[in-house]
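Residue-level structural notes
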Amino acid sequence: MPKILFVCLGNICRSPLAEGIMLHLNEKHDLKLEIDSAGTASYHIGEAPDDRTIANAKKNGVDLSKLRARQFSASDFDKFDFIYVMDKNNLKNVLSLAKNDSHKQKVSLFLDTLHPGENLEVPDPYYGTEKNFEEVFQLVYKACDHLRVNIK
Ligand code: 4NP
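Quantities reported herein were computed from a predicted structural model and do not represent experimental measurements. (Residues numbered from 1 in each chain as written. Predicted model: local features only at pLDDT ≥ 70, side-chain atom pairs only at ≥ 80, totals over all residues. Heavy atoms only, no water.)

A word on the site of the ligand
In the vicinity of the ligand, the residues found are C8, L9, G10, N11, I12, C13, R14, Y43, H44, D124, Y126 and Y127. In isolation the ligand has 350 Å² of accessible area, and contact with the protein removes 92% of it. Across the shell around the ligand, the residue classes tally to 7 nonpolar, 3 polar and 2 charged. (Near = heavy atom within 4 Å. Areas by Shrake-Rupley, 256 points an atom, 1.4 Å probe, with all protein chains shown as cover. Nonpolar A, V, L, I, M, F, W, Y, C, P; charged D, E, K, R; others polar.)

Structural data, given as C-alpha cells:
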C-alpha cells in the first residue's frame, strides 16, 4: 500500500487539492493508497482549504471541505513512501529537513511524474483569479491521474 504525501507552502491550495483528487481517484478505482498533504509553512495550520480551492474542486466533483492544514515535519520522511512537492522552493525546504539519502530519494517535484526532468512547478493560485484555480485543478488532476496509472 504506497503512502503518498503532497506538499506545498500553505497546505490550503495546491497540496490539499492533490490530496482530494487522489482520494477521489483512490475510491473510484479502489487503489488502496494512503494519501495525505502538508505545508512547509505554519500560517494555516488547522484551517480548511482556501474557499476558492474548495469551490473550484466542488464544481469539478471533488470534495475538499473536510481536509485540514498541517505543517510538514521531518517525521513524514519515515511515514511516507513518496513525497510530491509542488514547487522548487518547497522542494528545497523539504530536502533541507532530510537526514539521509533514503529520505531524499522519496522527494520529487510533483510534475516530474508527468514531465520527468523538466523541473516544472504547479503555479500557486493564492494571489490569482478564478481562471488560475481552474487551470491548477486541471493540471493537478492530470498529474494525479497519471500517478494513479503508474504508481506501484
Ligand atoms: P498553497 O498556496 O501553498 O498552494 O497552499 C498558498 C497559500 C497561502 C499562502 C501562500 C501560498 N500564504 O502566503 O498565506
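Back to the write-up after that little detour.
Points about the side chain of N90
Residue placement: N90 occurs in helix α4 (residues 88-95). On the basis of relative accessibility, which here comes to 2%, the residue N90 falls in the buried class. In terms of polar contacts, N90 uses its side chain to reach the side chain of T40, at 2.6 Å. If we skip the residues at most four places from it in the chain, N90 touches C8, L9, R14, T40 and V85. (Helix = DSSP H or I, 4+ residues; strand = E, 2+ residues; numbered from the N terminus. Buried < 20%, exposed > 50% of the residue type's maximum accessible area, 1.4 Å probe, protein only. Polar contact = N/O pair within 3.5 Å; in protein donor to acceptor, adjacent residues only side chain to side chain. Contact = heavy atoms within 4.5 Å.)

Considerations on the nonpolar core
Core analysis: the biggest nonpolar cluster contains 28 residues, and F6, L17, I21, F110, V140, C144 and L147 have the highest contact counts within it. For this core, the elements supplying multiple residues, two or more each, are β1 (3-8), α1 (14-29), α2 (51-59) and α6 (130-150). Tallying contributions element by element places α6 first for this core, with 6 residues. Residues in contact with C144, not counting those within four places in the same chain, are A18, I21, M22, L25 and F110. One finds A38, F72, F77 and A98 within the second-largest nonpolar core, a separate group that totals 13 residues. (Core = buried A, V, L, I, M, F, W, Y, C linked by side-chain atoms within 4.5 Å.)

Considering empty space enclosed by the protein
One pass over the structure, following the stated rule, counts 1 cavity of 30 Å³ or more. Here the largest cavity defines a volume of roughly 40 Å³. The wall of the largest cavity is formed by C13, R14, L17, T53, N56, P125, F133 and V136. Going through the elements one at a time, α1, α2 and α6 are the ones with two or more residues in the lining of the largest cavity. Across the lining of the largest cavity, the residue classes tally to 5 nonpolar, 2 polar and 1 charged. (1 Å grid on protein atoms, 1.4 Å probe; cavity = no way out; pocket = protein on both sides within 12 Å on 5 of 7 lines; lining within 4 Å. Points joined across faces, edges and corners; volume = space filled by probe spheres on them.)

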